[in-house]
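# Observations on the three-dimensional arrangement
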Amino acid sequence: MSNSQRLTPEQCMNMEDIRREIDGIDKAIVTMLGERFEFVKAAAKFKTSENSVKAPERFESMLKQRRNWAIESGLSADAIEKMYRDLVNHFIQEEMQKWKAESS
């Protein structure tokens, strides 16, 4: 179902509708995470050191921004931070492998 055909929670008539909508949202999220990862891999070519791959200052500022977005959306800032911390740490490991392979 496209975004224009997506039901609102109030329009759902049963659990099947609810689950279908949640599954569609989750699929879109996973697809977007895949797109995000492509940018992470592309960033490796602009990095000049292991520290620039890890970018600890950027990592912390990104987490702070995601916490703020969570609060603005009525979500748990702690849960969103944990999700992004885990996700981005994984992406950093992947980017580090790509950077090491390209810089050797």
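Structure shown above.
To keep things clear, this report deals only with the structure shown in the data block. Since we're looking at a predicted model, the values are computed, not measured.

Here we take up the packing of helix 3 (residues 56-72) against helix 4 (residues 77-103). Packed helix pairs are specified by the crossing angle of their axes together with the interaxial distance, meaning the distance between the axes. Interhelical geometry of helix 3 versus helix 4 gives an angle of 145° and a closest axis separation of 9 Å. As helix 3 packs across helix 4, the resulting crossing turns out to be right-handed. Contact with helix 3, carried on its side by Phe 59, Glu 60, Met 62, Leu 63, Arg 66, Arg 67, Ala 70 and Ile 71, involves Ala 77, Asp 78, Ile 80, Glu 81, Tyr 84, Arg 85, Val 88, Asn 89 and Ile 92 of helix 4 and no other residues of that element. Each residue belonging to the contact of helix 3 with helix 4 can be placed in one class, and the counts come to 10 nonpolar, one polar and six charged.

Before going further, it helps to examine the packing of aromatic side chains. Scanning the entire structure with this criterion turns up one aromatic pair. An angle of 25° between the planes, with centres 4.8 Å apart, marks the rings of Phe 37 and Phe 91 as stacked. Of this pair, Phe 37 sits in helix 1 (residues 15-43) while Phe 91 sits in helix 4, placing them 54 residues apart in sequence. Comparing Phe 37 with Phe 91 shows no difference in burial state: the two are buried. We note Arg 66 situated over the ring of Tyr 84; from NZ or CZ to the ring centre the distance is 5.6 Å.

Let's shift gears to unusual backbone geometry. Residue Ala 55 is not a glycine yet carries a positive backbone phi of 40°. Tracing the backbone through its elements, the reader meets Ala 55 in the loop between helix 2 (50-54) and helix 3. Taking the relative accessible area as the measure of exposure, Ala 55 reaches 16% and is therefore buried.

Let us look at helix 4. Between its first and last C-alpha atoms helix 4 spans 37 Å; for 27 residues at 1.5 Å apiece the expected length is 39 Å, and the two agree. Taken residue by residue, helix 4 has Ala 77, Ile 80, Glu 81, Tyr 84, Leu 87, Val 88, Phe 91, Ile 92, Glu 95, Met 96 and Trp 99 as its buried positions. On the buried face of helix 4, the contacting elements are helix 1, helix 2 and helix 3.

Two numbers describe how helix 1 lies on helix 4: the axes approach to 9 Å, and their chain directions differ by 40°. Relative to helix 4, the element helix 1 is oriented oblique. Of the two elements, helix 1 crosses helix 4, and the hand of that crossing is right-handed. Judged by residue contacts, Leu 33, Arg 36, Phe 37, Val 40, Lys 41 and Ala 43 of helix 1 engage Tyr 84, Leu 87, Val 88, Phe 91, Glu 94, Glu 95 and Lys 98 from helix 4.

Looking at the secondary structure, you find Glu 95 in helix 4. Polar contacts involving the side chain of Glu 95 include one to the side chain of Lys 47, which spans 3.0 Å. Setting aside residues up to four positions removed in sequence, Glu 95 forms contacts with Val 40, Ala 43, Ala 44, Lys 47 and Val 53.

Taking 1.5 Å per residue, 17 residues should reach 24 Å; helix 3 reaches 24 Å between its end C-alpha atoms and fits that length. Directly beyond the C-terminal end of helix 3, a positive phi value near 75° is found at Gly 74.

What counts, and at which threshold
- Residues numbered from 1 in each chain as written.
- Predicted model: local features only at pLDDT ≥ 70, side-chain atom pairs only at ≥ 80, totals over all residues.
- Heavy atoms only, no water.
- Axes fitted to C-alpha atoms, helices over the stretch in contact; angles between N-to-C directions.
- Helix = DSSP H or I, 4+ residues; strand = E, 2+ residues; numbered from the N terminus.
- Left-handed = near helix turned anticlockwise from the far one by under 90°.
- Contact = heavy atoms within 4.5 Å.
- Nonpolar A, V, L, I, M, F, W, Y, C, P; charged D, E, K, R; others polar.
- Phe/Tyr/Trp six-rings, centres within 6.5 Å; stacked < 30°, edge-to-face > 60°.
- Buried < 20%, exposed > 50% of the residue type's maximum accessible area, 1.4 Å probe, protein only.
- Lys NZ or Arg CZ within 6 Å of the ring centre and 35° of its normal.
- Expected span 1.5 Å × (residues − 1).
- Parallel < 35°, antiparallel > 145°, perpendicular 65-115°, else oblique.
- Polar contact = N/O pair within 3.5 Å; in protein donor to acceptor, adjacent residues only side chain to side chain.

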